[in-house]
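Breakdown of the fold
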Amino acid sequence: MSKEMIYDVAIVGYGPAGAVAAGLLGQQGLNVYVCEKLQEVYAIPRAIAMDHEILRVFQQLGVVEAVAPFMEPFTDSEYFGVDGQLIKRMTMLAAPYPQGFTPSNVFTQPPVEEVLRARVSQLANVHVDLGVEMTHVDPDVDGVTLKIDEGGKSKVVRAKYLVACDGGSSPVRTQLNMPLEDLDFDEPWLVVDVLVNEQGLAKLPKTSVQYCEPERPCTMVIGPKNHRRWEISLRPDEDPMEVQKPGETWKLLSRWLTPQDGELWRQSSYRFHALVASEWRQGRVFLAGDAAHMQPPFLGQGMCQGIRDVTNLSWKLGSVLRGDVQGDVAEDLLDSYGIERKAHVRELTSRIKHVGEVICERDPVKARERDSKLLAEWGGVVKDTPRQDIIPKLETGLLSRETSNARGTLFPQPWIHQAGAPQRMDALAGNGWRLVTASSVELSSAPQGLLNVSVISLQTPAYSETEGVAAAWFRRHECVAALVRPDNYVFGTAATEEELSNLVDGWLTRMTNSKEVA
Ligand SMILES: O=C(O)CCc1cccc(O)c1
């Protein structure tokens, strides 16, 4: 790279969100610079859960097969109340799966990050500097200048846009004085990862468990292979530093295991927080991942949320940098990133906090009331909640004006009949804007003005689906067409040709001369 190189996008931080951003931006042919303080992938897993939405993004990056060995379907999570009775169950969404992947999964983070980095390394237009530190960020109206310290030697990097994926303590966010809003959750917990041997595995529950016990709420998650994670709430008199010493940690695990049953992988005390950045954009700088939000882990959404962020932002940056949209429309499109993601993060965090309130009730009387209420709701039968039903849709931002309940949801990814073997829809149709129509629609003429939009008619010979996932979706939402964004969210739907024409007109207005995003 020459000294005068001006990158399209610089990314500070090369965890999962930074790596996915680098891949998605790089695949669009943009010149991307990435810097990261650590030389190697962080060897300890932090995230453990991965949703189908994220696998669909990994599919776009071409890494689904490579990550498969490090993933397993999530077991059910059983919630046990004060007297050890089952009060609630978190489950897998039923098949056929809407996104073309197992909906909820557990995974091992370090090798998955290696896979993402290997993919990025195939992109000649992405330059990655590892073991360097961003010491100064200086945005202006045309771009951003970064000062990078390379082991005592300083260099300057210039980019048109900056994405800060630099974690909860985000130096970019701090230097630019971008405040966080406190969503009112702050509790000390110990997180313990154990590689359990066969003798230990035989003693453990066969589902993940939420122990909703007032004296010590805690969680056990079944990770891939012999990885088990405990999250143990700490009492006010417990010292977070002490409990992470191996001897003390084993004492806390003694209900389940002894040191003969496995090996501690990591034990760290954390404060579980709920925080969201007030502004996600400052001019040409965007916050993403933990730099933009932190949520308690009760639904395993930390990494998923970061990847949702960069997936949302990457296609918008691509559209603007290619000149597909210009002027105010381009600014509105970039603004829509924070508008959409902040609202989504706030809503999901509030749902996660609600799950946390069920788990963390410390008052035994109230905890008993909770148990009775949960059981009474369903006539004494334990309610199954598919985890994916808790993930909200987009409610605001670059969405059509119609208010169908399909708008802002993820469009399904059906399997399509092919001569050799069925293929997932995106493998055939790509990940740009797509107008997908149900078999019942006969377009008398292609909607006008849909440049750069692929038109996909399901159940035609080219797109005959194998399981009826999309057909069922159209029936459920009482529509026959959906305009789908590059991040797979539904811009809007139509039930008639007239509605379709309005949908397309509305989209064209938004993408060419609208000033509104919300
Ligand atoms: O979805 C579930 O059943 C539990 C998800 C989860 C993952 C990681 C930590 C945690 O407390 C919960």
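Residues numbered from 1 in each chain as written. Predicted model: local features only at pLDDT ≥ 70, side-chain atom pairs only at ≥ 80, totals over all residues. Heavy atoms only, no water.

Let us look at the packing of helix H2 (residues 52-61) against helix H9 (residues 302-322). Packing of H2 against H9 brings their axes to within 10 Å, and their N-to-C directions diverge by 45°. Judged by the inter-axis angle, H2 sits oblique to H9. Classified by chirality, the crossing of H9 by H2 is left-handed. Along its contact with H2, which presents Glu 53, Ile 54, Val 57 and Phe 58, the element H9 presents Met 303, Cys 304, Ile 307, Arg 308 and Thr 311. (Axes fitted to C-alpha atoms, helices over the stretch in contact; angles between N-to-C directions. Helix = DSSP H or I, 4+ residues; strand = E, 2+ residues; numbered from the N terminus. Parallel < 35°, antiparallel > 145°, perpendicular 65-115°, else oblique. Left-handed = near helix turned anticlockwise from the far one by under 90°. Contact = heavy atoms within 4.5 Å.)

Moving on, we come to the confidence of the model for the protein. Across the protein, the average pLDDT comes to 95, with 96% of residues at 70 or higher. A low-confidence stretch, residues 514-518 (pLDDT under 50), is modelled with 17 contacts involving residues beyond four sequence positions or located in other chains. Among the prediction metrics, the complex's ipTM stands at 0.96, with pTM recorded as 0.97. (pLDDT = per-residue confidence, 0-100.)

This part is about the pattern of salt bridges. Tallied over the entire structure, the rule returns 32 salt bridges. Asp 384 is paired through a salt bridge with Arg 89; the nearest N and O atoms lie 2.6 Å apart. Placement of Asp 384 in strand S20 (residues 383-386) and of Arg 89 in strand S6 (residues 86-91) is noted, with a sequence separation of 295 residues between them. A salt bridge links Glu 213 to Arg 255; the shortest N-O distance between them is 2.8 Å. In this pair, Glu 213 is assigned in the loop between strand S13 (208-211) and strand S14 (218-222) and Arg 255 in the loop between helix H8 (246-253) and strand S16 (262-277), connecting sequence segments 42 residues apart. Salt bridges linked by common partners bring Lys 316, Glu 340, Arg 485 and Asp 487 together as one network. (Salt bridge = Lys/Arg side-chain N within 4 Å of Asp/Glu carboxyl O.)

What follows concerns the site of the ligand. Every residue close to the ligand is listed here: Ile 48, Phe 74, Ser 77, Met 90, Thr 219, Val 221, Glu 231, Pro 297, Phe 298, Leu 299, Gly 300 and Arg 387. Glu 231 has a polar side-chain atom sitting 2.4 Å from an oxygen atom of the ligand. When the ligand is considered free in solution it has 330 Å² of accessible area, and contact with the protein chains removes 99% of it. Residue classes in the shell around the ligand are distributed as seven nonpolar, three polar and two charged. (Near = heavy atom within 4 Å. Polar contact = N/O pair within 3.5 Å; in protein donor to acceptor, adjacent residues only side chain to side chain. Areas by Shrake-Rupley, 256 points an atom, 1.4 Å probe, with all protein chains shown as cover. Nonpolar A, V, L, I, M, F, W, Y, C, P; charged D, E, K, R; others polar.)

Bringing the pairing of strand S10 (residues 144-150) into the picture now. Both strand S9 (residues 133-139) and S10 contribute to a ladder of six bridges, which runs antiparallel. Along S10, the bridge assignment pairs Val 137 with Leu 146. Bridge count for S10 against strand S11 (residues 153-164) is seven bridges, and the pairing is antiparallel. Bridged to Ile 148 within S11 is Lys 155. Taking the residues between adjacent antiparallel strands as the criterion, S10 and S11 are bridged by two residues, where Gly 151 takes a positive phi near 60°. (Pairing = 2+ DSSP bridges.)

Here we come to the packing of aromatic side chains. Summed over all chains, the structure comprises 16 aromatic pairs. Between Phe 411 and Phe 474, the ring centres sit 5.8 Å apart and the planes meet at 55°, which makes this aromatic pair tilted. Here Phe 474 lies in helix H13 (residues 469-476) and Phe 411 lies in the loop between S20 and strand S21 (415-416), a separation of 63 residues in the sequence. Both residues of the pair, Phe 411 and Phe 474, count as buried. Grouped by ring-pair contacts, the aromatic residues Tyr 161, Trp 280, Phe 286 and Tyr 337 constitute a single cluster. Taking the ring centre of Tyr 79 as reference, the NZ or CZ of Lys 88 above it sits at 5.3 Å. (Phe/Tyr/Trp six-rings, centres within 6.5 Å; stacked < 30°, edge-to-face > 60°. Buried < 20%, exposed > 50% of the residue type's maximum accessible area, 1.4 Å probe, protein only. Lys NZ or Arg CZ within 6 Å of the ring centre and 35° of its normal.)

Another aspect to go through is H13. When we look at burial in H13, the residues that qualify are Val 469, Ala 470, Trp 473 and Phe 474. Buried residues of H13, viewed axially, fall in a sector of 135°; they line one side. Facing away from the buried surface of H13 by more than 90 degrees, the exposed residues are Arg 475 and Arg 476. Tucked inside the fold, the buried residues of H13 contact strand S23 (433-437), strand S25 (481-484) and strand S26 (490-494). Positive phi shows up at Glu 478, right after H13, with a value of about 50°. (Arc of directions from axis to C-beta.)

Bringing helix H1 (residues 16-27) into the picture now. The first and last C-alpha atoms of H1 sit 16 Å apart over 12 residues, in line with the 16 Å expected at 1.5 Å per residue. For H1, a buried count of 11 out of 12 residues is recorded, marking the element as mostly surrounded by other parts of the structure. Turning to H1, its buried residues number three or more, namely Pro 16, Ala 17, Gly 18, Ala 19, Val 20, Ala 21, Ala 22, Gly 23, Leu 24, Leu 25 and Gly 26. The elements touched by buried residues of H1 are strand S1 (6-12), strand S2 (32-36), H2, helix H4 (109-121), strand S8 (126-130) and H9. (Expected span 1.5 Å × (residues − 1).)

With antiparallel pairing, the three strands of this open sheet are ordered in space as S3-S7-S4. Each edge of the sheet is formed by a strand with only one pairing partner; in this case those strands are strand S3 (49-51) and strand S4 (71-73). Within this sheet the neighbouring strands show an average axis-to-axis angle of 35°, counted without direction. By the bridge criterion, three bridges tie S3 to strand S7 (residues 104-107) in an arrangement that is antiparallel. Directly across from Ala 49, in S7, lies its bridge partner Val 106. Contacting S3, S4 and S7, H2 crosses the sheet at an angle of about 75° to S3.

Okay, the environment of Ala 66 next. When you line up the elements, Ala 66 lands in helix H3 (residues 64-67). Owing to a relative accessible area of 37%, Ala 66 belongs among the partly exposed residues under this scheme. Along the chain, Ala 66 and Met 178 lie 112 residues apart, while their C-alpha atoms are 37 Å from each other.

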